[in-house]
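Letter by letter, the chains look like this.
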Amino acid sequence: MAATNPRSTLIKGLRDLAAFLEVNPEVPTPSLTGLHYYARGTDTDIRAEIDTIATLLGTEVDTSDLDHGHYRTCLAFGPVEYTAVGIFAAARARHKAETSYAGCIDPAPITPAAGTPARAA
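Residues numbered from 1 in each chain as written. Predicted model: local features only at pLDDT ≥ 70, side-chain atom pairs only at ≥ 80, totals over all residues. Heavy atoms only, no water.

K.L.:
How do you make sense of the confidence of the model for the protein chain when you look at a structure like this?
P.N.:
Detailed reading of predicted coordinates is not advised where the pLDDT is low. The pLDDT averaged across the protein chain works out to 89; a share of 89% of its residues lies at or above 70. Mean pLDDT across the elements of the protein chain bottoms out in helix H3 (residues 89-98) (89) and peaks in helix H2 (residues 43-57) (98). (pLDDT = per-residue confidence, 0-100. Helix = DSSP H or I, 4+ residues; strand = E, 2+ residues; numbered from the N terminus.)

K.L.:
How do you make sense of a nonpolar patch on the surface when you look at a structure like this?
P.N.:
A cluster of nonpolar residues, Leu10, Leu14 and Leu35, forms a patch on the protein surface that exposes about 240 Å² of accessible area. Tracing the backbone shows Leu10 in helix H1 (residues 6-23). (Patch = residues over 30% accessible without salt bridge, like charges linked within 9 Å, V, L, I, M, F, W, Y side chains within 5 Å. Areas by Shrake-Rupley, 256 points an atom, 1.4 Å probe, with all protein chains shown as cover. Salt bridge = Lys/Arg side-chain N within 4 Å of Asp/Glu carboxyl O.)

K.L.:
Can you help me understand the environment of Val27 in this one?
P.N.:
Its location among the elements puts Val27 in the loop between H1 and strand S1 (33-39). The class for Val27 is partly exposed, based on a relative accessible area of 28%. Once residues lying within four places of it in the same chain are set aside, the contact partners of Val27 are Phe20 and Leu21. (Buried < 20%, exposed > 50% of the residue type's maximum accessible area, 1.4 Å probe, protein only. Contact = heavy atoms within 4.5 Å.)

K.L.:
Sorry, what's going on with the sheet that holds strand S2 (residues 70-77) here?
P.N.:
Two modes of strand pairing occur in sheets, parallel and antiparallel, and in both the strands are linked by backbone hydrogen bonds. On the basis of which strands lie adjacent, the open sheet formed by three strands has the order S1-S3-S2 and mixed pairing. Because the sheet does not close on itself, it has two edges, and the strands there are S1 and S2. Strand-to-strand twist in this sheet, taken as the mean axis angle between neighbours without regard to direction, amounts to 20 degrees. (Pairing = 2+ DSSP bridges. Axes fitted to C-alpha atoms, helices over the stretch in contact; angles between N-to-C directions.)

K.L.:
Explain the pattern of salt bridges to me, please; I cannot follow it from the model alone.
P.N.:
Two side chains that carry opposite charge are able to pair once their charged atoms sit near each other. Applying the stated rule across the entire model yields three salt bridges. Residue Lys12 pairs with Asp16 through a salt bridge whose shortest N-O separation is 2.6 Å. Residue Lys12 and its partner Asp16 are both found in helix H1; the two are separated by four residues, about one turn of the helix. Classification of Asp16 as partly exposed rests on a relative accessible area of 38%. The salt bridge involving Arg72 is made with Asp62; its shortest N-O contact spans 3.0 Å. You can see Arg72 sitting in strand S2 and its partner Asp62 sitting in the loop between H2 and S2, a full ten residues away along the chain.

K.L.:
Can you walk me through H1 in this structure?
P.N.:
Given 3.6 residues to a turn, an α-helix orients residues that are three or four positions apart in the same direction. Helix length check: H1, at 18 residues, gives a terminal C-alpha distance of 26 Å against a target of 26 Å (1.5 Å per residue), a fit within 8%. The N-cap of H1, judged by a side-chain oxygen 2.8 Å from the amide nitrogen of Arg7 a few residues on, is Asn5. (Expected span 1.5 Å × (residues − 1). Polar contact = N/O pair within 3.5 Å; in protein donor to acceptor, adjacent residues only side chain to side chain.)

K.L.:
It is not clear to me how the packing of aromatic side chains should be interpreted in this structure. Could you clarify?
P.N.:
Aromatic ring pairs are reported here in terms of the distance separating the ring centres and the angle at which the planes meet. In total, this model carries one aromatic pair according to the counting rule given. An angle of 35 degrees between the planes, with centres 5.8 Å apart, marks the rings of Tyr71 and Phe88 as tilted. You can see Tyr71 sitting in strand S2 and its partner Phe88 sitting in the loop between strand S3 (80-87) and H3, a full 17 residues away along the chain. Across the pair, exposure class does not vary: Tyr71 and Phe88 are buried alike. Above the ring of Tyr71, the side-chain terminus of Arg47 is found at 4.6 Å from the ring centroid. (Phe/Tyr/Trp six-rings, centres within 6.5 Å; stacked < 30°, edge-to-face > 60°. Lys NZ or Arg CZ within 6 Å of the ring centre and 35° of its normal.)

K.L.:
How should I be thinking about the nonpolar core in this particular structure?
P.N.:
Counting seven residues, the largest nonpolar core consists of Ala39, Ile46, Ile50, Ile53, Tyr71, Ala84 and Phe88. A per-element tally of this core places H2 first, with three residues. (Core = buried A, V, L, I, M, F, W, Y, C linked by side-chain atoms within 4.5 Å.)

Structure representation (structure tokens):
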């Protein structure tokens with residue numbers, strides 16, 4: 001059995017989806033959709049990979065989210081976008097710190113136990 005090529009599998013899936021939507025017009029579609037590729041590695045690796053992808057796409061690197069640590073480029077095909085993005089190490093670390101207590105705090109309001117009078121405000 002031959003190994004599955006993820007790129008070929010993705011392309012086939014996109015074509016199959018397009019064909020399905022074409023013959024099933026009653027199925028709702030979003031007004032905009034996107035495919036995201038995430039570069040990995042060191043910040044230097046990420047920057048180099050996104051720069052290379054921008055060259056392949058014939059696009060510019062979007063620096064508008066650099067203050068959030070995102071380095072990206074995008075090519076639109078009508079309402080469908082291909083975006084390549086890299087998230088720098090400091091932004092990943094900040095996100096990890098911000099979410100480190102996720103699940104540890106219950107934000108549900110405290111309600112009095114049955115039979116306990118509520119305190120006046």
